[in-house]
Amino acid sequence: MLHPAGYRSEATAVALAHEYRSVWRQCLLTLLAIALMFALATSHASAASEDENYRVVNDLAVYLGVLPAAIVRRHPKEHPEASMHDGAPGGAHQYHIVVAIFDALSGARIEYAGVAATVSGLGNVGTKTIELQPMTIAETVTYGNFVTLLGTDRYDIRLQISIPDREHPVHVGFEYQHTR
């Protein structure tokens, strides 16, 4: 027969094992989300074909990604991404827009741009313009911010990209089919 302290030790061990598995699952989900962001952000401009998340306009190659904000909310508080853009907002309809910009001719990453995104639903309903802030992750710069996307809809995402050595901003449009 076990001593009552043995029951506490066994219960503690079971609780710790359950907590360890939960933390491990959380780490795997976080790593998967980061890998997805890196795959989007570090793709070389010449390696992609023209598709719904990639455009070449005025010698700029632009990649667009839209991820659930919940991915960022899962980061531990000490993780650098947990506090980007003043932290991920709560709620079921929050998403993170990520944009990577390259010089289409040289493949060089554009790291000093001003980027704004105008997001509107079908028929320009609910138009909102947000500043996409620079983010440095793994020594690469992308631009992003959070946006609310309600319901299943087709969204128009229009980017205005201002680069210091260019006289006029570059306008790039994407259509994003959002499904919950």
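Below, the structure is looked at part by part. What you see is a predicted model, and the numbers here were worked out from it, not measured in a lab.

From N to C terminus, the protein includes two helices and eight strands. Taken from N to C terminus, the helices and strands of the protein fall in the order α-β-β-α-β-β-β-β-β-β. For the protein, the residues scored as buried account for 37% of the 180 residues in total. Here the analysis covers contacts within the protein between residues at least 6 apart in sequence; of these, 63% occur between residues at least 24 apart. A total accessible area of about 10,600 Å² is found for the protein, and carbon and sulfur atoms account for 57% of it.

Before going further, it helps to spend a moment on unusual backbone geometry. If you check the backbone angles, Asn 58 has positive phi at about 50° while not being a glycine. In this structure, Asp 59 takes a positive phi of about 65° despite not being glycine. Counting through the fold element by element, Asp 59 comes out in the loop between strand 1 (54–57) and strand 2 (60–68).

Let us now look at the pattern of salt bridges. Scanning all chains against the criterion turns up three salt bridges. Between Arg 154 and Asp 156 there is a salt bridge, with its nearest N and O atoms 2.5 Å apart. Its relative accessible area of 23% is what places Arg 154 among the partly exposed residues. Its relative accessible area of 10% is what places Asp 156 among the buried residues. We note a salt bridge from Glu 175 to Arg 154, for which the minimum N-O separation is 3.7 Å. Here Arg 154 lies in strand 7 (residues 153–162) and Glu 175 lies in strand 8 (residues 170–178), a separation of 21 residues in the sequence. When salt bridges that share partners are traced, they join Arg 154, Asp 156, Arg 158 and Glu 175 into one network.

This next bit is on the side chain of Asn 145. With respect to the helices, strands and loops of the structure, Asn 145 is situated in strand 6 (residues 140–148). A polar atom in the side chain of Asn 145 sits 2.8 Å from the backbone oxygen of Glu 131.

Counting 28 residues, the largest nonpolar core has Val 62, Ile 97, Ile 101, Leu 132, Ile 157, Leu 159 and Ile 161 as the members making the most contacts within it. Elements with a minimum of two residues in this core: strand 2, strand 3 (94–103), strand 4 (114–121), strand 5 (125–137), strand 6, strand 7 and strand 8. The residues contacting Ile 101, other than those within four sequence positions of it, are Leu 60, Ala 61, Val 62, Ala 108, Arg 109, Ile 110, Ala 113, Val 115, Tyr 143 and Ile 161. In terms of nonpolar packing, the next biggest core, distinct from the first, is built from five residues, Tyr 54, Ala 61, Ala 100 and Phe 102 among them.

This brings us to the packing of aromatic side chains. Aromatic ring pairs are reported here in terms of the distance separating the ring centres and the angle at which the planes meet. Applying the stated criterion across every chain, the model contains two aromatic pairs. For the pair Tyr 54 and Tyr 63, a centre-to-centre distance of 4.8 Å together with 45° between the ring planes defines the contact as tilted. Taking the relative accessible area as the measure of exposure, Tyr 54 reaches 6% and is therefore buried. Taking relative accessible area as the criterion, Tyr 63 reaches 5% and is therefore assigned buried. Centroid distance Tyr 63 to Phe 102: 5.7 Å. Interplanar angle 85°. Geometry classified as edge-to-face.

What counts and how
Along each chain, residues carry numbers from 1 onward, in the same order as the chain's sequence is written. In view of the model being predicted, local features appear only for residues whose pLDDT reaches at least 70, and side-chain atom pairs are presented and counted only at 80 or more, with totals across whole chains, interfaces and linings using the full set of residues. For side-chain calculations, the full set of non-hydrogen atoms in the structure is used, while hydrogens and water are omitted. Helix and strand assignments follow DSSP, with helices taken as H or I runs no shorter than four residues and strands as E runs no shorter than two, numbered in order from the N terminus. Relative accessibility decides the category of a residue: with a 1.4 Å probe and only protein chains considered, values under 20% of the type maximum give buried, values over 50% give exposed, and everything between is partly exposed. Residue contacts are defined here by distance: any two heavy atoms, one from each residue, within 4.5 Å place the two residues in contact. All accessible-area figures derive from a Shrake-Rupley calculation using a 1.4 Å probe, and residue coverage is judged against the displayed protein chains alone. What counts as a salt bridge is simple: a side-chain nitrogen of Lys or Arg found within 4 Å of a carboxyl oxygen of Asp or Glu. In protein, a polar contact requires one atom able to donate a hydrogen and another able to accept it; more generally it is a pair of N or O atoms within 3.5 Å, and residues adjacent in sequence count only if both atoms are side-chain atoms. Throughout this description, the term nonpolar core refers to a set of buried Ala, Val, Leu, Ile, Met, Phe, Trp, Tyr and Cys residues connected via side-chain atoms within 4.5 Å. Pairing of aromatic rings covers Phe, Tyr and Trp, the last counted by its six-membered ring, and requires centre-to-centre distances within 6.5 Å; plane angles under 30 degrees mean stacked, over 60 mean edge-to-face, and any other angle means tilted.

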